[in-house]
Amino acid sequence: MSWARLRHAATASDLLVYGMHQLPGGEEVWGYHEQNAVMVTNHAAAEKAAGGDAPVLLLGDLNEDSPSNPAPSSLTAGGLAVTFTLAHRNWVDYIYTEEGRFSVVATATVEDAPGGSDHQPIVAVLRITSTSAPSPSPSSAPSPSPSPSPSPPPSPSPSPSPSASPSPSTSPPPPSPSPLPPPPPPPSSQMCGVSSCTEAVLATPAVGPDSSASCGGRIQWVMDNMGKSEADACQQVGEEFPPLCGPCAPEGIPPSLPPSPAGTGGAVVALEVVTYNLYWWNVGQNNRWGALYATIEGQAFDLIGFQECEDVSTVISNVPRMSGRFDSFAPTGIPGPGDNPAPVAWDGQRFDRLGAGWLQVGSDQYGQRVTVWVRLLDRTTGATVFFANTHGPLGDCSTALGDNWMRAVADNIAPDDFLVYTGDFNCGAGSAAINVLDGAAGGPLKLVANGGIDMIFTNGADAASWRSVNGYPSDHPLVAATFEASASASPSPSPPPSPSPSSSPSCLCIFDVDRTLTARQGYAPQCPGTQQQDGVPDSAYEGGTLVLSQLALNLGATFCGACHVGVISAGTASGAGSAERGVLF
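What counts and what doesn't
- Residues numbered from 1 in each chain as written.
- Predicted model: local features only at pLDDT ≥ 70, side-chain atom pairs only at ≥ 80, totals over all residues.
- Heavy atoms only, no water.
- Helix = DSSP H or I, 4+ residues; strand = E, 2+ residues; numbered from the N terminus.
- Buried < 20%, exposed > 50% of the residue type's maximum accessible area, 1.4 Å probe, protein only.
- Core = buried A, V, L, I, M, F, W, Y, C linked by side-chain atoms within 4.5 Å.
- Axes fitted to C-alpha atoms, helices over the stretch in contact; angles between N-to-C directions.
- Parallel < 35°, antiparallel > 145°, perpendicular 65-115°, else oblique.
- Left-handed = near helix turned anticlockwise from the far one by under 90°.
- Contact = heavy atoms within 4.5 Å.
- Disulfide = S-S within 2.5 Å.
- Expected span 1.5 Å × (residues − 1).
- Patch = residues over 30% accessible without salt bridge, like charges linked within 9 Å, V, L, I, M, F, W, Y side chains within 5 Å.
- Areas by Shrake-Rupley, 256 points an atom, 1.4 Å probe, with all protein chains shown as cover.
- Salt bridge = Lys/Arg side-chain N within 4 Å of Asp/Glu carboxyl O.
- Pairing = 2+ DSSP bridges.
- Phe/Tyr/Trp six-rings, centres within 6.5 Å; stacked < 30°, edge-to-face > 60°.
- Lys NZ or Arg CZ within 6 Å of the ring centre and 35° of its normal.

On to unusual backbone geometry. Glycine aside, negative phi is the norm for most residues, and most peptide bonds take the trans geometry. Cis geometry marks the peptide bond from tyrosine 472 to proline 473, where omega comes out at 10 degrees. Mapped onto the fold, proline 473 is located in the loop between β18 (465-469) and β19 (478-483). Even without being glycine, tyrosine 279 reaches a positive phi, approximately 55 degrees. Relative to the elements of secondary structure, tyrosine 279 occurs in the loop between β8 (271-277) and α7 (280-285). Tyrosine 279 sits in the buried class, given a relative accessible area of 5%.

What follows is the structure, given as structure tokens:
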């Protein structure tokens, strides 16, 4: 999805425009279309609240060829923060307008448009019939009366009597009871059984990745789709969105766990960490195993946390960079399809396993959901790593879930462990569950990679970089974070650049030169972390100016910084006495 707020120069009227391209076959994904509809309308509601009540347009290839199919019908069904009306469509391409805000003047489908696309452009000429509340510039707004500022003519005030004008002769005096509407009516139905759960609270947009259009709408959705009682649904939604829906929680909002005893942890270890939901059942159903293994093979990592992975051993044996090298832990005996194990894997040539376990953190219609953890010893530095991974339940982003995620760490981590916590949490940043973890909301952990609901946390360390890449054939991205070693990551004192003979290291690191210590000439702008060495020629391949690779620039931060370093190459590194050799050696 993409979006923009546009302003019409002549009238100073705003317009919110959303573009969407839905996943083909998305009806196979539980709640996929409904979640997209909620996401768009909640975002629009938040934008209206923040920047003015602009009319909304939604344009997109919904990959559905009938308005009654799940994707289109979820947008027009009502009950969301914004309801849409279909203005025009052709095949799988749609134009929607916010209900009651536009009239359609004309529509067209462009036949035989140039360009070779298998889609035809569609056009709708629209007239905005209701600007409701034009933003900042009221001077040339088409309709002056509906301004959000209190304007005299249509008295929007909820004050009791419309006849209470300045004239004092009217009977009865304003303060006395009147047969006309009494002051603000109490909620017509006392939902959730608590007086604080007013109609205003129920109507509050609960904007978030797991919310419906409002607190009341989300409560109703939980009751309808999760089979929970009204009281339980009110409690869950109150805990999911404490500042917004908390007044509707019958038991109040429980305090989250105190900060974890994890502390600040030990030395940060140079690592590449990945979290990846494999979409196992769908990949198997469509026989896309080759594409899945290729996606994993295309990324560098030392630790990887999987979700929806029913056989981690098969994955390891079919990914060349993992085969014969990686070890794994996948607990058994967890009730649910494929045991929902959330397995973890690590470079077995670098790490020794010190311990492992799992904790149930929640459950849903697919069975129990767990956090799996291992403690690893890094043979290269002597540091210990606590690696945790989870797959959160659907439809529950409560504080209680966050407490369980934190408990899996707090009960098992050692004071000097460097913590890395990966997962498809099925909750987004800002939800009650994630707030228990996230330092930005007062939690004890640091969110260092945020791919939506796929995240990586640490116990305080920053990532040097992180990335979210296309995870096809999964319906999730592959999210990765890179960590650089802290000064204390090596058990021995930091060595000087050139070790003296008396402290001669007992290790040797050997590297190729071209495209290992160097990057392709001229590609520094396209290759993050590299650095062009102006005025230094590099004769390799097509020739050009020397570009040092990320490895060459950061070699001293790895364990090789304490070792002898050599090269082995078929290339000449520009020959004896060259400026390139002077830089490299």
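It is worth spelling out the nonpolar core at this point. By size, the foremost hydrophobic cluster in this structure holds 26 residues, and its most contacted members are Leu271, Leu303 and Phe418. Of all the secondary-structure elements, those providing two or more residues to this core are β8, β11 (344-347), β13 (367-378), β14 (384-391), β15 (418-424), β16 (446-450) and β19. At 4 residues, the largest contribution of residues to this core is made by β13.

At a minimum axis separation of 9 Å, helix α4 (residues 215-226) and helix α5 (residues 230-240) run at an interaxial angle of 130 degrees. One way to sum up the angle between α4 and α5 is to call them oblique. Between α4 and α5 the crossing geometry is right-handed. Residue-level inspection shows Cys215, Arg218, Ile219, Val222, Met223 and Met226 of α4 in contact with α5, the latter providing Glu230, Ala233, Cys234, Gln236, Val237 and Glu240.

With that settled, consider the state of the cysteines. Summed over the entire model, instances satisfying the criterion amount to 5 disulfides. In this model, cysteine 197 is linked to cysteine 248 through a disulfide, with the two sulfur atoms separated by 2.0 Å. The chirality of the disulfide connecting cysteine 197 with cysteine 248 is right-handed, given an S-S dihedral of about 80 degrees. Of this pair, cysteine 197 sits in the loop between β7 (122-128) and α3 (199-202) while cysteine 248 is found in the loop between α6 (242-245) and β8, placing the two residues 51 residues apart along the sequence. Looking at cysteine 197, the relative accessible area reads 0%, which means it is buried. Here cysteine 397 is linked by a disulfide to cysteine 427, with a sulfur-sulfur distance of 2.0 Å. Judged by the torsion about the S-S bond (-105 degrees), the cysteine 397/cysteine 427 disulfide is left-handed. A residue pair is termed long-range when its members are at least 10 positions apart, and cysteine 397 in the loop between β14 and α10 (399-410) and cysteine 427 in the loop between β15 and α11 (432-437) qualify at 30 residues.

For the rest of this paragraph, the subject is α10. With 12 residues, α10 extends 16 Å from end C-alpha to end C-alpha; this agrees with the ideal 16 Å at 1.5 Å per step. For α10, a buried count of 9 out of 12 residues is recorded, marking the element as mostly surrounded by other parts of the structure. Here the buried face of α10 lies against α5, β12 (351-364), β13, β14, β15 and α11.

Taken together, the side chains of Val105, Val110, Val123 and Val125 define a hydrophobic patch exposed on the protein surface, amounting to about 280 Å² of accessible area. Residue placement: valine 123 occurs in strand β7.

Now for the pairing of strand β20 (residues 508-511). The side chains of a regular strand alternate, first on one face of the sheet and then on the other. The two faces of β20 differ: Cys509 and Phe511 on one face are buried, but Leu508 and Ile510 on the other face are not. Pairing between β20 and strand β24 (residues 564-567): 4 bridges, direction parallel. Considered in β24, the bridge of phenylalanine 511 is made with valine 567.

Once that is clear, we can look at the pattern of salt bridges. A full pass over the atoms with the stated rule returns 13 salt bridges. Where arginine 350 meets aspartate 302, a salt bridge forms, and the shortest distance between an N and an O atom there is 3.5 Å. Of this pair, arginine 350 sits in the loop between β11 and β12 while aspartate 302 sits in the loop between α8 (289-297) and β9 (303-307), and the two are 48 residues apart along the sequence. Summarising the burial analysis for this pair, arginine 350 and aspartate 302 share the class buried. Here arginine 379 makes a salt bridge to aspartate 352, at a shortest N to O gap of 2.8 Å. Pair noted here: arginine 379 is in the loop between β13 and β14 and aspartate 352 is in strand β12, with a separation of 27 residues, a long-range link. For aspartate 352, a relative accessible area of 31% gives the class partly exposed. One salt-bridge network, in which partners are shared between bridges, spans Asp53, Glu98 and Arg101.

Further remarks concern the packing of aromatic side chains. Both the distance between ring centres and the angle between the ring planes are used here to describe each pair of aromatic rings. Inspection of every chain in the model, using the stated rule, returns 11 aromatic pairs. Centre to centre, the rings of phenylalanine 84 and tyrosine 96 are 6.4 Å apart; their planes meet at 65 degrees, and the pair counts as edge-to-face. In this pair, phenylalanine 84 is assigned in strand β4 (residues 84-90) and tyrosine 96 in strand β5 (residues 93-98), connecting sequence segments 12 residues apart. With a relative accessible area of 2%, phenylalanine 84 lands in the buried category. Assessed through its relative accessible area of 2%, tyrosine 96 is described here as buried. Measuring from ring centre to ring centre gives 5.6 Å for tyrosine 279 and tryptophan 281, while their planes differ by 85 degrees; the resulting arrangement is edge-to-face. Ring pairing ties together the aromatic residues Trp405, Tyr421, Phe425 and Phe457, which thus form one cluster. Above the ring of phenylalanine 301, the side-chain terminus of arginine 321 is found at 5.9 Å from the ring centroid.

Structural remark: α-helix, 3.6 residues per turn; residues separated by three or four positions point the same way. With 8 of 11 residues buried, α5 is to be regarded as a mostly interior element. Along α5, the positions that sit buried rather than exposed are Ala233, Cys234, Gln235, Gln236, Val237, Gly238, Glu239 and Glu240.

Strand order in the open sheet made by the 6 strands is β12-β13-β14-β15-β17-β16, with mixed pairing throughout. A strand with exactly one partner marks an edge of an open sheet, and here the two such strands are β12 and β16. Across the sheet, the mean angle separating the axes of adjacent strands is 20 degrees when strand polarity is ignored. Relative to β14, β13 is paired through 7 bridges, and the arrangement is antiparallel. Within β14, the position partnered with tryptophan 373 by the bridge is alanine 388. In the packing of α10 onto the sheet, the strands contacted are β12, β13, β14 and β15, and the crossing angle to β12 comes to about 165 degrees.

Next up on the list: the environment of phenylalanine 418. Residue placement: phenylalanine 418 occurs in strand β15. Along the backbone, phenylalanine 418 and phenylalanine 387 are 31 residues apart, and their C-alpha atoms lie at a distance of 8.3 Å.

Keep in mind these values describe shape, not function.
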